[in-house]
Amino acid sequence: MSTAITFAEYGPPEVLRPTEVAPPEPGPGQVRIKVKAASVNPLDLKIRSGLMTKAAPARFPVIPGVDAAGVVDAVGEGAAAAVGDEVLGATVGGSYSEYALLERPVAKPAALSWEVAASLVTVGRTAHRVLGQLGAEAGQTLLVHGAAGSVGFIAVQLAVARGITVIGTVGDKDIERVTALGATAVRYGDGWAERVRAVAPGGVNFVFDASGAGVLADSVALTGDAAKVITIADMSAQQHGVRFSAGTADLGGQALPELVQLAADGRLTVPVWRTYSLGDAAKAHADLEAHRNQGKAVLLP
């Protein structure tokens, strides 16, 4: 038997409890890892609280979490890794556990810490996916709302690396952090659109909303075309004719290896805010709900 964090009902962080479970057995193409780190994503909190019941109804008990990094300790037929390999990826059946299953493991470079490796998966692939959907190219201007958040912070770095001019809306405390990435940071809140126009007299080509802060109408006005705006956080997207980008799939299988290499080479920073023991998963959720974090929360089984 092993320990996993589970919840058997929707509710506050306290519904998360350590539970004795049998380690999962890998099926064809799968590997089982001894989890070294599992990151906590905002989606985990929404699922636990019941906010996602219509889109993704839970089958209790649930082991939450998607992202994990660890050491392969068992493999299924045709698996793309061997016992002893250090890997990371999206789990099947939850990541808040001592053992987890991966279907498409990606090798973890030695230069990448366990915490960063686990933190990169969902937020990195989300940023990569949305930039691809927008189609921004070198020389164009991209506005990122929530540029200091987990997804926005990576999106800024990827866009800058591609030669795209990036403007990011942030709080006062994050202006220096985002500016250091090579972007132009402007303060969010009332008057943000005028501040963006002031630093982008040539206009804004695309907008990536990672904030969900009610910025879609003005974002459409800035670009002049709702098709050039994508949100991952504002459920009113349809009202504004804006695409809502959801899902964590890396259909081509190329995003995560690229992100891992960039991070290992020091060309992509993934800030880790706090680490917790596996048994403190409820505290991690509570802290994320109570604080404005500057990076990822990571569980260390």
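Since the model is a prediction, treat every value here as computed from it, not as a measurement.

Rules behind the numbers
- Residues numbered from 1 in each chain as written.
- Predicted model: local features only at pLDDT ≥ 70, side-chain atom pairs only at ≥ 80, totals over all residues.
- Heavy atoms only, no water.
- Buried < 20%, exposed > 50% of the residue type's maximum accessible area, 1.4 Å probe, protein only.
- Helix = DSSP H or I, 4+ residues; strand = E, 2+ residues; numbered from the N terminus.
- Pairing = 2+ DSSP bridges.
- Axes fitted to C-alpha atoms, helices over the stretch in contact; angles between N-to-C directions.
- Parallel < 35°, antiparallel > 145°, perpendicular 65-115°, else oblique.
- Contact = heavy atoms within 4.5 Å.
- Nonpolar A, V, L, I, M, F, W, Y, C, P; charged D, E, K, R; others polar.
- Salt bridge = Lys/Arg side-chain N within 4 Å of Asp/Glu carboxyl O.
- Lys, Arg positive; Asp, Glu negative; His and termini not counted.
- Polar contact = N/O pair within 3.5 Å; in protein donor to acceptor, adjacent residues only side chain to side chain.
- 1 Å grid on protein atoms, 1.4 Å probe; cavity = no way out; pocket = protein on both sides within 12 Å on 5 of 7 lines; lining within 4 Å.
- Points joined across faces, edges and corners; volume = space filled by probe spheres on them.
- Phe/Tyr/Trp six-rings, centres within 6.5 Å; stacked < 30°, edge-to-face > 60°.
- Lys NZ or Arg CZ within 6 Å of the ring centre and 35° of its normal.

(A) The arrangement of the pairing of strand β3 (residues 31-40) in detail. The buried count for β3 comes to eight of ten residues, which makes it a mostly enclosed element. Where β3 and strand β6 (residues 99-102) come together, four bridges link them in antiparallel fashion. Paired with isoleucine 33 across the bridge in β6 is alanine 100.

(B) A look at the packing of helix α1 (residues 42-49) against helix α9 (residues 281-290). Two elements in contact, α1 and α9, have axes whose closest approach is 11 Å; the angle formed by their N-to-C orientations is 105°. One way to sum up the angle between α1 and α9 is to call them roughly perpendicular. Between α1 and α9, the contacting residues are Asp44, Leu45 and Arg48 on the first element and His285, Leu288 and Glu289 on the second. Residue composition of the contact of α1 with α9, grouped by class: two nonpolar, one polar and three charged.

(C) Representation of the pattern of salt bridges in the model. One pass over the full model with this rule turns up nine salt bridges. When the shortest N-O distance is used, the salt bridge between arginine 48 and glutamate 289 registers 2.7 Å. Of this pair, arginine 48 sits in helix α1 while glutamate 289 sits in helix α9, and the two are 241 residues apart along the sequence. A relative accessible area of 2% places arginine 48 in the buried class. Between arginine 177 and aspartate 174 there is a salt bridge whose closest N-O contact spans 3.2 Å. The burial state of arginine 177 is the same as that of aspartate 174; both residues are buried. A single salt-bridge network, built from bridges that share partners, covers Glu25, Arg32 and Asp73.

(D) Unusual backbone geometry, seen in detail. Each neighbour pair has its own omega, and for phenylalanine 60 with proline 61 the value is -5°, a cis peptide bond. Tracing the backbone shows proline 61 in the loop between α1 and β4 (67-75).

(E) Just the side chain of aspartate 67, in detail. Here aspartate 67 shows up in strand β4. Although buried, aspartate 67 forms no salt bridge, and the nearest oppositely charged side chain, lysine 296, lies 4.6 Å from it. In terms of polar contacts, aspartate 67 uses its side chain to reach the side chain of serine 39, at 3.1 Å. At 2.5 Å, the side chain of aspartate 67 forms a polar contact with the side chain of threonine 122. Setting aside chain neighbours within four positions, we find aspartate 67 in contact with Ala37, Ala38, Ser39, Asn41, Gly89, Ser95, Ala118, Val121 and Thr122.

(F) Just the environment of leucine 259, in detail. The topology assignment puts leucine 259 in helix α8 (residues 255-264). For the pair formed by leucine 259 and glutamate 103, sequence separation is 156 residues and the distance between their alpha carbons is 18 Å. When neighbours within four sequence positions are excluded, leucine 259 is seen to be in contact with Leu120, Gly124, Arg125, His128, Leu158 and Leu268.

(G) Highlighting the packing of helix α3 (residues 121-134) against α8. Two elements in contact, α3 and α8, have axes whose closest approach is 9 Å; the angle formed by their N-to-C orientations is 110°. As far as their axial angle goes, α8 and α3 are roughly perpendicular. Where α3 abuts α8, its residues Val121, Gly124, Arg125 and His128 lie against Ala255, Leu256, Glu258 and Leu259. Among the residues forming the contact of α3 with α8, the class breakdown is four nonpolar, two polar and two charged.

(H) Molecular detail of the layout of surface pockets. Space inside the second largest pocket adds up to approximately 320 Å³. In this structure, the second largest pocket is lined by 17 residues; those nearest its centre are Ile47, Val62, Ile63, Pro64 and Gly94. By residue class, the composition of the lining of the second largest pocket is eleven nonpolar, three polar and three charged.

(I) Local environment of the packing of aromatic side chains. In the structure shown here, the tally under the stated rule is two aromatic pairs. Relative to phenylalanine 60, the ring of phenylalanine 7 has its centre 6.0 Å away and its plane inclined at 70°; by these criteria the two rings are edge-to-face. In this pair, phenylalanine 7 sits in the loop between β1 (2-6) and β2 (17-21) while phenylalanine 60 sits in the loop between α1 and β4, placing the two residues 53 residues apart along the sequence. Ring geometry for tyrosine 10 and phenylalanine 60: centres 5.1 Å apart, planes at 70°, overall edge-to-face. Taken as a pair, tyrosine 10 in the loop between β1 and β2 and phenylalanine 60 in the loop between α1 and β4 lie far apart in primary sequence, 50 residues in all. The class of tyrosine 10 is partly exposed, set by a relative accessible area of 29%. For lysine 34, the ring lying beneath its charged end belongs to tyrosine 99, and the centroid distance is 5.7 Å. The ring of tryptophan 114 has lysine 108 lying over it, and the distance from NZ or CZ to the ring centre is 4.6 Å.

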